[in-house]
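Commentary on secondary and tertiary structure
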Amino acid sequence: MINKTQVAIVKAGSYNDDQVYKDIKSTVDLLGGINRFVKKGNKVLLKPNLLSAKPPEAGITTHPAVIKAVAKLVIEAGAIPFIGDSPGGRAINFEKVAAATGMKQAADELGIELVDFKDSVELSATNGGIFKKLNIAKEAIDADVIINLPKLKTHVQMFLTLGVKNMFGCIIGLQKAQWHFKAGVDRKYFAAMLLELYSLLKPSLTIVDGIVAMEGDGPGSAGKLRSLGLVFAGSDAVALDTVICNALGVKNEELPILVAAKEKGIGITEMEKIDVLGERLKDVSIHDFIRPKMIDVMFGPNLLKKFLMNNITSKPIEDRKMCTLCSKCIEACPTDIISIQNKRLEFNYNKCIRCFCCLEVCPEGAMQVKQGALLKVFGYFS
Ligand code: SF4
Ligand code: SF4
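Since the structure is predicted, the reported quantities are computational estimates derived from the model, not experimental observations.

Regarding the site of ligand 2
Around ligand 2 sit E318, C323, T324, L325, C326, S327, K328, C329, C362, E364, A366 and M367, and that is every residue in its neighbourhood. Class assignment for the residues of the shell around ligand 2 results in 7 nonpolar, 2 polar and 3 charged.

Next up, the structure:
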């Protein structure tokens with residue numbers, strides 16, 4: 001008999017605090033209840049997606065009602081929850097993010113700690129992967145238990161940002177930009193790093209906020225909100241991501257993380273080895289999910305690749321009507337190749353590594369992806 005992993009799906013209609021608590025509790029109960037994951041006295045990190053300083057209704061960050069519901073469950077189990085993350089690029093101010101996203105208010109309401117990851121610890125990789133060592137937030141390593149709380153969103157580099165990808169917030173601020181520099185230009189490499197990070201931290205439980213999700217060109221303001229009304233949960237984030245892809249009509253092969261997970265044998269990527277509890281997949285599946293315009297990523301020493309990257313592949317460009325010249329993208333750019341000249345943005349595309357940090361941090365949704373002409377002709381984008 002196959003030993004199956006479990007993923008729970010529950011319908012959730014709104015972000016009303018009491019309703020979300022009921023829905024999250026039902027989801028966790030399907031998996032055996034909070035006491036299966038948390039023991040009395042445990043220090044429990046609640047790891048939301050706090051990408052940028054946007055209000056909950058912008059759908060860019062995990063909704064505070066979800067955090068509060070999980071924190072209450074953890075407190076009821078006799079454990080000590082705290083919220084922690086390291087938001088987006090180097091332009092991001094944690095206090096502003098915490099206030100705008102409702103996290104500060106949620107933490108204050110529950111009397112729990114809210115931590116801006118600052119110190120990191122070097123850990124040796126476990127899976128014999130390409131990364132020998134990773135620097136990871138100390139608070140995440142020191143926690144007895146991690147409950148991973150992603151937002152269901154599209155991602156122009158990685159297709160979707162779900163359970164595995166959400167752990168990227170445990171890499172600290174500027175180091176994150178450096179990883180974008182090293183790894184974000186190659187999806188496969190980046191996916192391998194994310195899986196390594198996930199394997200090292202091994203969150204006990206992942207609960208995905210899919211009540212209001214994002215489709216189109218996420219994960220920032222350029223994406224479009226989509227009311228899915230669903231909460232997903234499981235102990236294996238790879239299996240959970242697999243089930244969500246299935247519900248959205250996305251093939252495993254479209255998600256670099258699932259491709260890499262299968263190759264490396266991390267988690268479960270086969271639907272026949274997953275027990276879906278609660279809602280039946282066929283009842284919650286959608287068939288018109290808007291895919292992100294995947295950013296083609298080519299990078300390397302090879303001159304041809306460089307030529308292709310500079311002349312054919314997609315690149316960031318601002319919509320001048322929407323751009324307020326706030327400079328957030330300039331501060332976030334790890335290679336310092338954006339400047340303001342003659343009241344407009346100038347990019348040195350020769351040095352642009354296509355990490356798209358600028359797109360993630362733009363508060364106006366003004367930073368856009370300009371598709372590579374040749375790839376467009378060949379129909380690489382749907
Ligand atoms: S301009 Fe290029 S290198 Fe700079 S943040 Fe944007 S994509 Fe990254
Ligand atoms: S593109 Fe966005 S982040 Fe960059 S200056 Fe314009 S409004 Fe600010």
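Some points on helix 8 (residues 187-201)
Because each turn of an α-helix spans 3.6 residues, side chains separated by three or four positions end up pointing in the same direction. For helix 8, which comprises 15 residues, the first-to-last C-alpha distance of 21 Å matches the rise-based estimate of 21 Å (1.5 Å per residue) to within 8%. Here helix 8 lies mainly inside the structure; 11 of its 15 residues are buried. Within the sequence span of helix 8, burial applies to R187, F190, A191, A192, M193, L194, L195, E196, L197, Y198 and L201. K202 sits one or two positions beyond helix 8 and adopts a positive phi of about 40°.

What about the sheet that holds strand 11 (residues 223-234)?
The strand order across the open sheet formed by 8 strands is 4-3-2-7-10-11-1-12, and the pairing between neighbours is mixed. Strands at the two margins of the open sheet, each flanked by one partner only, are strand 4 (113-116) and strand 12 (274-278). Sheet twist, expressed as the average angle between the axes of neighbouring strands with direction ignored, equals 30°. As paired strands, strand 3 (residues 80-85) and strand 4 are joined by 4 bridges and run parallel to one another. Opposite G84, over in strand 4, you have V115 as the bridge partner. Here helix 2 (residues 64-76) sits on the sheet and contacts strand 2 (43-48), strand 3, strand 7 (145-149) and strand 10 (205-216); the angle it forms with strand 2, its principal contact strand, is near 170°.

Here we look at the confidence of the model for the protein
With 85% of its residues at a pLDDT of at least 70, the protein reaches an overall mean of 88. Considering only residues more than four positions removed or in separate chains, one finds that residues 375-382, a stretch of pLDDT under 50, has 11 contacts.

The rules behind each value
- Residues numbered from 1 in each chain as written.
- Chains lettered and ligands numbered in written order.
- Predicted model: local features only at pLDDT ≥ 70, side-chain atom pairs only at ≥ 80, totals over all residues.
- Near = placed C-beta within 6 Å.
- Nonpolar A, V, L, I, M, F, W, Y, C, P; charged D, E, K, R; others polar.
- Helix = DSSP H or I, 4+ residues; strand = E, 2+ residues; numbered from the N terminus.
- Expected span 1.5 Å × (residues − 1).
- Buried ≥ 20, exposed ≤ 12 C-beta atoms within 10 Å, placed from the backbone.
- Pairing = 2+ DSSP bridges.
- Axes fitted to C-alpha atoms, helices over the stretch in contact; angles between N-to-C directions.
- Contact = placed C-beta atoms within 7 Å.
- pLDDT = per-residue confidence, 0-100.

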